[in-house]
Protein chains: 2
Amino acid sequence: MTRIATLSETRSNCHDCRLRSLCLPDNLSKEDIGELDSIVQRRKPVARGAYLFQAGQRFNSIFAVRTGSVKASTLLANGDEHISGFHLPGDVIGLDAIVSRDHPSTAIALESTSVCEIPYAELESLGDRLPTLQHQLVRIMSRELLAEQSTGHLLTRRAAEQRLAVVLLKFSERFANRGLSALRFRLPMSRLDLGNYLGLVPETMSRTFRRLEEQGLLSIAGKEIEIVDVCAIKALAYGNNEGDLAAKA
Amino acid sequence: MTRIATLSETRSNCHDCRLRSLCLPDNLSKEDIGELDSIVQRRKPVARGAYLFQAGQRFNSIFAVRTGSVKASTLLANGDEHISGFHLPGDVIGLDAIVSRDHPSTAIALESTSVCEIPYAELESLGDRLPTLQHQLVRIMSRELLAEQSTGHLLTRRAAEQRLAVVLLKFSERFANRGLSALRFRLPMSRLDLGNYLGLVPETMSRTFRRLEEQGLLSIAGKEIEIVDVCAIKALAYGNNEGDLAAKA
DNA sequence: CACGCAACTTGACTGAAATCAAAATCGCCC
DNA sequence: GGGCGATTTTGATTTCAGTCAAGTTGCGTG
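Residues numbered from 1 in each chain as written. Chains lettered and ligands numbered in written order. Predicted model: local features only at pLDDT ≥ 70, side-chain atom pairs only at ≥ 80, totals over all residues. Heavy atoms only, no water.

- The name an unreviewed UniProt entry assigns to chain A is Fumarate/nitrate reduction transcriptional regulator Fnr, from the organism Modicisalibacter luteus.

**Side note on the nonpolar core**
Part 1 of the argument: One finds Phe171 and Leu194 of chain A together with Phe171 and Leu194 of chain B to be the most contacted residues of the largest nonpolar core, which totals 68 residues.
Part 2 of the argument: Ignoring sequence-local partners within four residues, the contact set of Phe171 of chain B consists of Phe86, Leu88, Phe185, Leu187, Met189 and Leu194 of chain B. (Core = buried A, V, L, I, M, F, W, Y, C linked by side-chain atoms within 4.5 Å. Buried < 20%, exposed > 50% of the residue type's maximum accessible area, 1.4 Å probe, protein only. Contact = heavy atoms within 4.5 Å.)

**So, the relation of the copies chain A and chain B**
Part 1 of the argument: Placing chain A over chain B gives an RMSD of 0.0 Å and needs a rotation angle of 180°, together with 0.0 Å of translation along the axis. Interpreted geometrically, this transformation is the action of a two-fold axis. Ranked by how close their C-alpha atoms come to the rotation axis, the residues of chain A are headed by Gly152 of chain A, at 2.4 Å.
Part 2 of the argument: Comparing interface residues between copies, 98% of those in chain A also sit at the interface in chain B, which points to an isologous, same-surface contact. (Least-squares fit on C-alpha atoms with pLDDT ≥ 70 in both.)

**Things to note about the protein's contact with DNA strand D**
Part 1 of the argument: The immediate surroundings of DNA strand D are formed by 19 residues, with Thr204 of chain A together with Arg191, Ser206, Arg207 and Arg210 of chain B found nearest.
Part 2 of the argument: For DNA strand D, a phosphate oxygen lies 3.1 Å from a polar atom in the backbone of Gly199 of chain A.
Part 3 of the argument: Within the side chain of Ser206 of chain B, a nitrogen or oxygen atom sits 2.6 Å from a phosphate oxygen of DNA strand D.
Part 4 of the argument: Put simply, the parts of the chain that give the surface near DNA strand D at least two residues each are helix H6 (202-214) of chain A together with helix H5 (191-198) and helix H6 (202-214) of chain B.
Part 5 of the argument: Top contributing element to the surface near DNA strand D by residue count: H6 of chain B, with five residues.
Part 6 of the argument: Here the residues of the surface near DNA strand D sort into six nonpolar, four polar and nine charged. (Near = heavy atom within 4 Å. Polar contact = N/O pair within 3.5 Å; in protein donor to acceptor, adjacent residues only side chain to side chain. Helix = DSSP H or I, 4+ residues; strand = E, 2+ residues; numbered from the N terminus. Nonpolar A, V, L, I, M, F, W, Y, C, P; charged D, E, K, R; others polar.)

**Here we look at the sheet that holds strand E7 (residues 106-109) of chain A**
Residue and element names in this part refer to chain A.
Part 1 of the argument: Reading across the sheet, the four strands line up as E2-E7-E4-E5 and stay open at both edges, with antiparallel pairing between neighbours. This sheet does not close on itself; its edge strands, each paired only once, are strand E2 (51-53) and strand E5 (81-87). On average, each strand axis in the sheet is inclined to that of its neighbour by 30°, with strand direction left out of account.
Part 2 of the argument: Docked against the sheet, helix H5 (residues 191-198) engages strand E4 (70-75) and E5, running at close to 100° with respect to E5. (Pairing = 2+ DSSP bridges. Axes fitted to C-alpha atoms, helices over the stretch in contact; angles between N-to-C directions.)

**Digging into the packing of helix H4 (residues 160-177) of chain B against helix H7 (residues 230-238) of chain B**
All names here are of chain B.
Part 1 of the argument: Where H4 contacts H7, the axes come no closer than 8 Å and their chain directions differ by 120°. Compared by their axis directions, H4 and H7 come out oblique. The crossing of H4 and H7 is left-handed. Of H7, the residues touching H4 (which contributes Glu161, Gln162, Ala165, Val166 and Leu169) are Ile233, Lys234, Leu236, Ala237 and Tyr238.
Part 2 of the argument: Each residue belonging to the contact of H4 with H7 can be placed in one class, and the counts come to seven nonpolar, one polar and two charged. (Parallel < 35°, antiparallel > 145°, perpendicular 65-115°, else oblique. Left-handed = near helix turned anticlockwise from the far one by under 90°.)

**Focus: the protein's contact with DNA strand C**
Part 1 of the argument: Near DNA strand C lie 18 residues; those nearest to it are Ser206, Arg207 and Arg210 of chain A together with Ala160 and Thr204 of chain B.
Part 2 of the argument: Counting only the atoms of DNA strand C within 4 Å of the protein, the fraction contributed by sugar and phosphate is 67%.
Part 3 of the argument: At 2.8 Å from a phosphate oxygen of DNA strand C is found a side-chain nitrogen or oxygen belonging to Arg191 of chain A.
Part 4 of the argument: Contact between DNA strand C and Arg207 of chain A: a base nitrogen at 2.6 Å from a side-chain N or O atom of the residue.
Part 5 of the argument: Only H5 and H6 of chain A together with H6 of chain B provide two or more residues apiece to the surface near DNA strand C.
Part 6 of the argument: A breakdown of the residues in the surface near DNA strand C according to their chemical character gives five nonpolar, four polar and nine charged.

Structure representation (structure tokens):
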């Protein structure tokens with residue numbers, strides 16, 4: 001099974017970055033992008049399992065994912081792990097730490113991952129001088145708010161099939177936003193982790209994926225997913241009709 | 001049963017507003033607050049059931065709740081209502097509309113409610129001139145992000161008692177943040193609406209409240225709630241130990 | 001390549017929340 | 001105060017995801 005979904009390598013400057021329209025440079029003039037460029041630190045790729053930052057760590061920077069993927073994880077008081085999100089290239093991580101000045105969760109690379117690190121104090125200062133940049137930051141935060149609300153909605157649904165259908169459609173859309181196939185993609189996280197995020201145990205994840213495949217909605221090979229019957233998946237996800245939350249996040 | 005929890009009337013300017021530290025004026029100098037004041041529109045109280053804005057409506061303003069309470073509601077494709085949040089005095093509403101330029105949900109007053117309306121274009125312009133104001137807006141958005149993540153976490157829990165325990169503790173904390181009793185408060189929303197938010201049907205809400213009361217954790221009179229055994233509620237909410245997410249949102 | 005561990009699958013069983021149905025209560029308006 | 005509609009409660013039953021137990025597969029490391 002060959003690899004279906006791949007993000008091509010992004011360039012080493014914001015102006016030429018393929019993910020520009022999802023990230024801070026969007027809406028900025030060429031000159032302003034140049035200024036932003038000067039504060040962005042392009043970190044070397046980190047290996048799978050590496051931490052970008054840890055919960056409780058002092059907040060200094062936000063991070064834009066360039067390649068790879070990241071999960072946001074919290075260690076609960078009872079020793080369990082809770083996964084609160086998955087970040088793809090183009091996502092900006094760490095915005096939740098701005099208010100409290102420390103990171104509420106740990107960011108762990110799901111595969112080899114490269115990020116742009118943007119020191120927040122410098123971003124803040126630059127934003128004071130470049131209003132468009134500051135506005136773009138606010139827009140990105142608004143976008144993240146919407147995404148979190150959408151997750152909240154999905155998690156009020158009890159049915160495992162529905163939860164899975166919604167999250168697959170959300171991934172589908174996120175991949176499409178990045179120029180990849182909406183119908184065939186590779187999920188970077190384990191079934192276990194995805195289940196943790198969805199509030200479903202591994203047994204249920206296994207059964208639910210299998211049911212969706214047997215019903216002809218999906219075709220699955222390991223982590224490779226093909227959405228076979230988009231209409232049926234959407235009907236399952238949202239009730240009798242398409243769209244609604246999908247159009248927002 | 002007399003009314004236990006009440007927010008006193010806020011003053012008609014930002015500087016003297018009791019909710020200042022939860023809202024945009026926080027961290028601003030007296031002069032800057034004066035400038036903010038000049039763009040804030042203090043709307044007359046609206047009646048219970050009134051809309052502050054509707055889903056799909058063009059985004060022009062954000063709203064700070066001064067008195068009363070508001071639910072955020074979305075009409076789903078299948079005709080059902082989904083409730084995505086409850087806003088108390090000091091909360092800033094509408095931040096999720098910044099990116100898409102239209103409101104994703106409808107804001108409905110749960111009781112007589114007054115808000116300060118802040119036209120966003122004016123706020124944006126003022127923020128360009130007053131960096132501290134813009135930074136405060138970003139902090140408020142970061143706070144909202146945290147709160148949404150916390151909701152997401154609660155909703156991965158399957159047990160109705162745990163969901164209810166967590167949400168009561170969150171309300172408890174929010175009331176405490178506003179100078180009210182953390183242990184005795186009146187919930188402004190119906191059991192139906194709270195259940196919708198939690199993904200629990202009315203029957204389960206009824207049973208779960210009753211169980212928590214029978215077990216001695218709560219004392220309930222209609223919408224008035226008293227948390228009787230804080231330790232037991234926290235143990236129920238978070239497993240064997242206190243704190244963790246509670247400390248963040 | 002072999003081994004060990006983590007991830008995943010499968011089957012049987014259980015229990016909690018949803019569903020269904022109906023009754024009771026509450027709040028609002030005339 | 002009465003009526004009506006919405007909300008809430010109560011009881012019986014069903015459903016489905018979690019738990020328990022064990023087996024299988026995949027991946028990474030030496």
